[in-house]
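Chain residues, written in single-letter form:
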Amino acid sequence: MRNSQIPVATLSDDSASTGRQLFFASPEALDRAWELGLFYLKIPDDLDLECARQFGRELVASDSPYRQVPQYGELEGFIALENNQQTKLALRRERWDQHYPEHIASFGRQLDAIGIAIICAVFRQSGIPKALWDRASGGYASGGGDAFLNFVHYDTRTPDWGLRPHTDYGFVTILDASAPGLQIEVGGEFEAVPVLPGHFIINFGEALNFITAHSDRAVSAVTHRVVSQQSSDPVRHGIVYFANPDLDGMLWQFNATGEEQGSSSVDDLFAQLEGRLTANR
Ligand SMILES: [Fe+2]
């Protein structure tokens, strides 16, 4: 895929009254982003990404104290997967203050604000009345819901690393990738999403597709994979933020006149996806 075909968005400065707003260069660029389920987002100047990257790089050291962060279930804690040489420190918002240093916890909260700006842009396009955004999103649109901030490392010296084709389950994924390898499915073919310096890669997930399905404008959850590519640094670092609904909550589908069209517990929706997808996160 030519770089120019992936649309680029920017965020307005933070404002107390309206929060951040998402902008595309043209209506066509927004159309393309909604159709692909993916776009680049210019990294806001007030985000201290270098510090977060530095924190991520230091995690892989054998003497890093963060290796002692306990595992909580399958998804959280310091996790080393032997099968694909992936190592990650993954924590949901409730545990950021407990385990991340203060600047990383506040970096996570800045990503919360970006996630909210994106989901509000999606709702605005969907025509769903604003009063229902919070309920439809299981609380995420107003600062609740669930969010993960993960620092992920792949060792590219092993041939079998990577991620098989999958869609993300949540609303929005914010990715800071240090090396190429991400591909998305467009018209049945996988195409590369190059790293664009100074930009995050944003993609839409299944829960966002679900809540907009009966609105004026549904978004697609993009199928993507990560393939092995050699890079100068054998360890590929990534920072990933997942904006999710509250995992114990409900999701609601509304149309643009505010009539309820359907609902699902998050549990049921994710279980259904689990059955359908060959996810390997
Ligand atoms: Fe993913």
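As shown above, the structure is provided for reference.
This is a predicted model, so every value here is computed, not measured.

> Can you walk me through the overall build of the chain in this structure?
Broken down by element type, the chain carries seven helices and 15 strands. Its C-alpha atoms give the chain a radius of gyration of 18 Å, within 12% of the compact-globule value 19 Å for 281 residues. Sorting the 281 residues of the chain into buried and exposed places 38% on the buried side.

> What is the right way to look at the environment of L132 in this model?
Take L132: it is sitting in the loop between α4 (102–126) and α5 (133–136). Along the primary structure L132 and F254 are separated by 122 residues, whereas in three dimensions their C-alpha atoms are 8.1 Å apart. Apart from residues lying up to four places away in sequence, L132 is in contact with F254 and G258.

> Explain the pairing of strand β9 (residues 182–186) to me, please; I cannot follow it from the model alone.
Both faces of the sheet carry side chains from a regular strand, because those side chains alternate between them. Here three bridges tie β9 to strand β12 (residues 224–226), and the two strands are oriented antiparallel to one another. Counted as the bridge partner of Q183 is R225 from β12. Strand direction decides the pairing type here: β9 and strand β10 (residues 189–192), joined by four bridges, are antiparallel. Bridge pairing in β10 links V186 to E189. Hairpin connection, β9 to β10: the antiparallel pair is bridged by two residues, and G187 has positive phi, about 55°.

> Would you mind showing me how to read the nonpolar core here?
Buried together is how nonpolar side chains tend to be arranged in soluble globular proteins. One finds L38 and I119 to be the most contacted residues of the largest nonpolar core, which totals 70 residues. Tallying contributions element by element places α4 first for this core, with 12 residues. With residues near it in sequence (within four places) discarded, I119 still touches S137, Y140, A141, F171, V172 and A243.

> What am I meant to see in the sheet that holds strand β7 (residues 163–166) here?
Strand pairing in a sheet relies on backbone hydrogen bonds, with the paired strands running either antiparallel or parallel. Strand order across the open sheet formed by four strands is β7-β12-β9-β10, with antiparallel pairing between neighbours. Each edge of the open sheet carries a strand with a single partner, namely β7 and β10. Between one strand and the next, the sheet's axes are offset by a mean angle of 25°, whatever the strand orientation.

> Where do I start with the pairing of strand β6 (residues 146–155) in this structure?
When you tally the buried positions in β6, you get eight out of 10 residues, the bulk of the element. Pairing geometry for strand β5 (residues 86–92) and β6, over seven bridges, is antiparallel. Opposite R92, over in β6, you have F148 as the bridge partner. Both β6 and strand β13 (residues 235–244) contribute to a ladder of 10 bridges, which runs antiparallel. From the neighbouring strand, V152 faces β13, where its bridge partner is G238.

> Even after reading the chapter, I still don't get the environment of D134, so can you show me in this structure?
By secondary structure assignment, the location of D134 is in helix α5. Put simply, D134 and F210 are 76 residues apart on the chain and 15 Å apart in space, counted from C-alpha to C-alpha. Discounting chain neighbours no more than four positions away, the residues touching D134 are G139, A141 and S142.

> What am I meant to see in the sheet that holds strand β8 (residues 172–177) here?
The sheet built from nine strands is open, its strands ordered β2-β1-β3-β11-β8-β13-β6-β5-β4 with mixed pairing. One side of each edge strand has no neighbouring strand; the edge strands of this open sheet are β2 (22–24) and β4 (77–81). Across this sheet, the average inter-strand angle for adjacent strands is 25°, counted without regard to direction. Docked against the sheet, helix α2 (residues 49–59) engages β5, β6, β8 and β13, running at close to 115° with respect to β13.

> Just to check I follow, could you spell out helix α1 (residues 27–36) for this structure?
When α1 is considered as a whole, its buried residues turn out to be A33, W34 and L36. The elements touched by buried residues of α1 are β1 (8–11), β2, β3 (38–42), α4 and β9. Trailing α1 by a residue or two, G37 shows a phi angle of about 80°, which is positive.

Scoring rules and cut-offs
Residues numbered from 1 in each chain as written. Predicted model: local features only at pLDDT ≥ 70, side-chain atom pairs only at ≥ 80, totals over all residues. Helix = DSSP H or I, 4+ residues; strand = E, 2+ residues; numbered from the N terminus. Rg over C-alpha atoms; globule rule 2.2 N^0.38 Å. Buried ≥ 20, exposed ≤ 12 C-beta atoms within 10 Å, placed from the backbone. Contact = placed C-beta atoms within 7 Å. Pairing = 2+ DSSP bridges. Core = buried A, V, L, I, M, F, W, Y, C linked by C-beta atoms within 7 Å. Axes fitted to C-alpha atoms, helices over the stretch in contact; angles between N-to-C directions.

Coordinates in, geometry out; function isn't part of it.
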